[in-house]
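# Structural description and commentary
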Amino acid sequence: MRKPVSSVELANWLGGELLGETRLVARLVPPGRPVEDGVAVAGSAKLLAALEGTRLAAVVVPENLATETSLPAIQVPDARLALAQLSALFDDRPREAPGLHPAATIHPSAELGPGVSVGPNAVVEAGAVVGANSIIGPGSVIGQGSQLGEGCHLHAKVVLYDGVRLGARATLHSGVVIGADGFGYAVSPHGLVKIHHLAGVEIGDDVEIGANASVDRGTLDPTRIGNRCKIDNNCLLGHNVQVGSDTVIAGKAGIGGSTRIGSRVLVSGGAILTDHITVGDDARISFCAMVTKDVPPGAVFSGSPAMPHRKFARRLYLLSRLERIWQMMKGLERD
Amino acid sequence: MRKPVSSVELANWLGGELLGETRLVARLVPPGRPVEDGVAVAGSAKLLAALEGTRLAAVVVPENLATETSLPAIQVPDARLALAQLSALFDDRPREAPGLHPAATIHPSAELGPGVSVGPNAVVEAGAVVGANSIIGPGSVIGQGSQLGEGCHLHAKVVLYDGVRLGARATLHSGVVIGADGFGYAVSPHGLVKIHHLAGVEIGDDVEIGANASVDRGTLDPTRIGNRCKIDNNCLLGHNVQVGSDTVIAGKAGIGGSTRIGSRVLVSGGAILTDHITVGDDARISFCAMVTKDVPPGAVFSGSPAMPHRKFARRLYLLSRLERIWQMMKGLERD
Amino acid sequence: MRKPVSSVELANWLGGELLGETRLVARLVPPGRPVEDGVAVAGSAKLLAALEGTRLAAVVVPENLATETSLPAIQVPDARLALAQLSALFDDRPREAPGLHPAATIHPSAELGPGVSVGPNAVVEAGAVVGANSIIGPGSVIGQGSQLGEGCHLHAKVVLYDGVRLGARATLHSGVVIGADGFGYAVSPHGLVKIHHLAGVEIGDDVEIGANASVDRGTLDPTRIGNRCKIDNNCLLGHNVQVGSDTVIAGKAGIGGSTRIGSRVLVSGGAILTDHITVGDDARISFCAMVTKDVPPGAVFSGSPAMPHRKFARRLYLLSRLERIWQMMKGLERD
C-alpha cells in the first residue's frame, strides 16, 4: 500500500479505537525507528515509554496501555494480531512477474488454472494440476500428477515429487522438498532392500512450510498435514507422518516416520520426535525436547528424554541440589 | 505392475508358501485398506486379527502367524523383506521422461553413457562422466569432472560440485549437495583464512541419500562413503569423513569433520558426532545421542554426552531416584 | 598453480624458513600420501615422525618441531595458517565458465558489474545489482532488488529472495536460502495470521555460508550478519537475528528469531539458541548446547540447558557420583 492512510481509518480497520490526533500514516515501522509518517506497535509498557517524545503518527497499543502515552494511540484488543494485520496492509514487497515465463517447461498434459504464474526454469510435469492464481517460483518442479489448490505460492526452487497434493493457499519456501522417498529398508543377506514408497503426500489448506524443510511421502497411504499447519525452516517430517490441523512446528524440528500429531499442537524449535508415537491434540513439546513416547492430549513435555513439564522442572531443581547432596554425603562418610 | 498376478505366483516369487485359496492380486495395500484385489502384509498378530472378516485376496504373514487367520495367507520367513519386495513389484509411480531434454545444458566435453536421461534445466558441466542408464533429474547440476556410475538416479535439484564420484545405482534425493567446501579456517591477525578443499567426495555403489542432506568435500584426500550406505534427509557429513559400507545414518544426524565411521554402523535420528572421532564397525548410536569420543566396535552408545547404553540406562534410573535421595537428605538434616 | 615452485620460494612466501635441501614442489599432499614432489603440513610430532624415511620434497612444521625431522623442513609460526595458504596456492579446482550463459535469465533492469558471470538457468530478477567479478552459479536466483558486492561467489542453486544485500566476496554454497519469510504468526479466532516480513537481510563482507543453510528476513528491520562471519552447512538463522563480525557458527546450529550474537563468538556444531536472547562478544557456545538465556561476553556455555562451562563440568562430575550416592543412601536406609 503506497498511499498514506489516516490513523482513524487504520483504527477502524484494526477494530480498535484512536485516542488523540488523526494523522496520515505511510508506513509500518519498528519501535526503534519512530518516523513522523509511521505507525509502530508497542506491546509492552517499556516499548511504549521509549517512544515518548517521538513524532510517530500513531502507536498501536493493547487496551491496558492506551492511557500511558501522549502519542496518538490506537488501542486494540490484541497488539500482535494488529501487527500481523498492519504488516499485510503495508506489504509492498515486489511480486513475482505474472504469467508463464518462456523459459518455463510445462508439459502439454499439465492443467493450469486461470491466473497461474510459472517462473523461469520452473518445470510442471505431465498430468500436474495447478489451481487458479497459483504462483510457481523460478526453478521449482511440480512432479507428475501432483496437484495444487488455488492461490498457492511456491517460491524459487521448491520440489514436489509425483503424487503430492496441496490444498488452497499453500506457501512453500525455497528449498522445500515434498514427497521424497521415506527412509525405509528391510534387512536381507545381500544388504538393505529398499521399501518403495508408493503413496504421496496430502497437505491441507493454508499451510506454510519454511526453507529447506522436507516432508517424505507415505509407504502405502499418504503422509498427511492438516489445514492451517505452519512448519518452519529445516524441519523434517518422515514417511507416513500424520498431522492434524492448526499445528505449529518450529525450526529444525524433526518428526520420525509414522508418528501421529494431533491438532493445535506446538512443537518447539529443535525438538525431535521418534517414530511411531502419538502426540495428542493441544499438546506442547518444549524447545529441543527429545520425545521417545506418546504425549497425551493437552500435556506439556520437556527434556531429553521428554517427560511432563512439571516433572522436568522438578528434575532441574533436583539436579541443582546435587552439589549439596554430594557434600552432605561426604560429610556423612567422614563421620 | 499393472496386470494382476495370482497369489500363488506371488508366494513363489517371495520364497514363501500360500495357505488357502489362490486369488488374483492387483495391488499392495496397507492393512487398514483391505480391498478385494489387494495383498497386505501383517507382521503382528494384532494387525492380522484386525483383518479377519475382510475380503483381502491374500495376507502376507511371518511363519509363526500363518495359522492364525482364515484369510488366504502367504507365509514368509521375513515379513518386512516381503513388504520391500512387494513394494518394488507394485511400484507404478511415474518414471522421469527418458532422453536428453532440450532445456538441459550439457557441455560438449561431458560423456554420457547409453540410455542416460537428463531432465529440463539440468546442467552437466565440462568433463563430467555419466554412466549408462543414469537419470539426472530436472535442475540438477553435475560439476566439472564429476563421475556417476551406471544406473544412478539423481532426483530434481541435486548438486554435485566438481570432483565428486558416485558408484553405480546411487539414489540422491532433491536438495542433496555433495562436495561443497568443508568448514575449515585458520586464524590470522586479519580474521579467518579459508582452507581450500582440493579433494572431492567418493561414494560407493548402491548408496541412497535423502532430501536436503549434504556431504562436504575433503581437504587433501576425498571424503568417502562406502557401498550400500543409506543416509536420510537433512543429514550433514563434514569434510574428510570416512564411512565404511552398509552403514545407516538416520534423519537429521550430523557427522563432524574427519570423523571415521565403520561398516554396518547405525547412527540413529538426530544423533550428532563431533569431529575427529572413530566409531567402530557394528556400533550403534542411539536416537539424539551427542557423541564426543570414540565408540568401540559393536558398542551401543546413548545420551548427551554419549556413553555405553547400559551405563546410560543406569544413569536414567539413578536420575529417577533423585527425588527420594533429596527427601532422605532433608530428613537426615532435620535429625 | 601448475608450475612447480622451489621450496625456498615457498618458505619465503609463507613467511617461514627452509631448513635443508631446496627441492621442487608440485603439489600439496596429506601426510598420508608423501610423494616426491609434494609438500605436506605436519602440525604434530606424531605426524612428523610418521613421515621419516619418505621422499617428500618438504614438510611444513611449527617452529618447535623444526629440528625433529631429517626431511627438508619449512618452519612457520602457525602450521594451520600455512596449510590455508598452501591450499589456496595449490588450488587447481576448475573454475566456473566465465560470462553470461545463454540459458541464464537476466531481467533487463538488473545491473551487472564488469566481469560478472552468470551460469545456465540462473535467474537475476528485476532491479537486482551484482558487483564486479561476481559469479552466480547454475540455477541460482537473485530476487528483485537484491544487491551483491564485488567478487561474490554463489555456487549452484542458491536463492536470494528480494531485499537481500551481500557485501563483497560473499561465498554462498549450494542450497543456501537467504531472505525467506520469518516464522511469525498472530493468534486469531480463525487460526494463525501470518506476520508479513517486510525487511530483508544484510550480510557484510567476506562472509561464507554452507550448503543448505537458511537465513530468514527481518520483520521491520533487516536480519544482519557482520563482516567475516562463517556459517556452516544446514544452519538456520531466524528472522531479525543480529550477528556481529568474525563470528563462527558451526554445522547444524540454529539461532532463534530476534536473538543477538556479538562479535568473535563461536557457536559450535549442533548448538541451538532460543529466540530473543543476547550472546556477548567473544562468548563460546559448546557443541550441541541448548541455550535458553543470555550469555555474557567472553563466557563459555555448555549443556542442555546451557550453563557456564565450569558449572557444567562440575555437573557432569556430580552425575558420575550418583551411583555412589545411591548406594550410600540404600546403606543408610538399611541401618
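What comes next concerns the included structure. (Residues numbered from 1 in each chain as written. Chains lettered and ligands numbered in written order. Predicted model: local features only at pLDDT ≥ 70, side-chain atom pairs only at ≥ 80, totals over all residues. Heavy atoms only, no water.)

## A few points about the interface of chain B and chain C
- The interface of chain B with chain C comprises 64 residues on the first partner and 55 residues on the second.
- Here chain B and chain C share an interface that buries about 4800 Å² over both sides, 64% of which is from carbon and sulfur atoms.
- Taken together, the connections running from chain B to chain C amount to five salt bridges.
- Note that C:Glu323 is salt-bridged to B:Arg314, the shortest N-O span being 2.7 Å.
- At the boundary of chain B and chain C, one finds 24 residue pairs in polar contact (both at pLDDT 80 or more).
- In terms of residue count, the dominant contributor to the side of chain B that touches chain C is helix 5 (residues 322-334) of chain B (six residues). (Contact = heavy atoms within 4.5 Å. Buried area = accessible area lost by both parts, 1.4 Å probe. Salt bridge = Lys/Arg side-chain N within 4 Å of Asp/Glu carboxyl O. Polar contact = N/O pair within 3.5 Å; in protein donor to acceptor, adjacent residues only side chain to side chain. Helix = DSSP H or I, 4+ residues; strand = E, 2+ residues; numbered from the N terminus.)

## Some thoughts on the environment of A:Pro138
- Mapped onto the elements, A:Pro138 comes out in the loop between strand 13 (135-136) and strand 14 (141-142).
- Of the residues examined, A:Pro138 reaches a relative accessible area of 2% and is grouped as buried.
- Through-space distance from the C-alpha of A:Pro138 to that of A:Gly331 is 70 Å; in sequence the pair is 193 residues apart.
- Other than its neighbours up to four places away in sequence, A:Pro138 contacts A:Glu96, A:Gly119, A:Pro120, A:Ala156, A:Lys157, C:Val123, C:Glu125 and C:Val141. (Buried < 20%, exposed > 50% of the residue type's maximum accessible area, 1.4 Å probe, protein only.)

## Some points on the relation of the copies chain C and chain A
- With an RMSD of 0.0 Å, the operation that places chain C on chain A is a rotation of 120 degrees combined with a shift of 0.0 Å along the axis. The operation mapping one copy onto its partner corresponds to a three-fold rotation axis.
- Little of the interface of chain C is mirrored in chain A, where only 16% of its interface residues again form contacts. (Least-squares fit on C-alpha atoms with pLDDT ≥ 70 in both.)

## Quick look at the packing of aromatic side chains
- Within the structure shown, the criterion is met by six aromatic pairs over all chains.
- On the numbers, 6.2 Å between centres and 75 degrees between planes, the contact of B:Tyr317 with C:Trp326 is edge-to-face. Separated into two different chains, B:Tyr317 in helix 4 (residues 309-320) and C:Trp326 in helix 5 (residues 322-334) make up a pair that spans both.
- Residues C:Phe183 and C:Tyr185 carry aromatic rings whose centres are separated by 5.3 Å and whose planes lie at 85 degrees to one another, so their mutual orientation is edge-to-face. Both residues of the pair, C:Phe183 and C:Tyr185, belong to the buried class. (Phe/Tyr/Trp six-rings, centres within 6.5 Å; stacked < 30°, edge-to-face > 60°.)

## Points about the side chain of C:Asp181
- Positionally, C:Asp181 belongs in the loop between strand 20 (177-180) and strand 21 (185-188).
- At 2.8 Å, the side chain of C:Asp181 and the side chain of C:Lys194 are in polar contact.
- Excluding its chain neighbours within four sequence positions, the residues that come into contact with C:Asp181 are A:Arg93, A:His173, A:Glu208, C:Lys194, C:Asp216 and C:Arg217.

## Observations regarding the sheet that holds strand 11 (residues 123-124) of chain B
Residue and element names in this part refer to chain B.
- Taken in spatial order, the 10 strands make up an open sheet running 8-11-14-17-20-25-28-31-34-37, and their pairing is parallel. Only two strands of the sheet have a single partner each, and these edge strands are strand 8 (105-106) and strand 37 (290-291).
- In the sheet, strand 11 pairs with strand 14 (residues 141-142) via two bridges, with the strands oriented parallel. Bridged to Val123 within strand 14 is Val141. (Pairing = 2+ DSSP bridges.)

## A look at the interface of chain C and chain A
- Listed by partner, the interface residues are 64 residues for chain C and 55 residues for chain A.
- Summed over both partners, the interface of chain C with chain A buries about 4800 Å², with 64% contributed by carbon and sulfur atoms.
- The largest share of the area that chain C buries against chain A comes from C:Phe183, C:Leu220 and C:Met328, three residues that together contribute 13% of it.
- At the boundary of chain C with chain A, the tally comes to five salt bridges.
- A salt bridge links C:Lys194 to A:Glu208, with the nearest nitrogen and oxygen atoms 2.6 Å apart.

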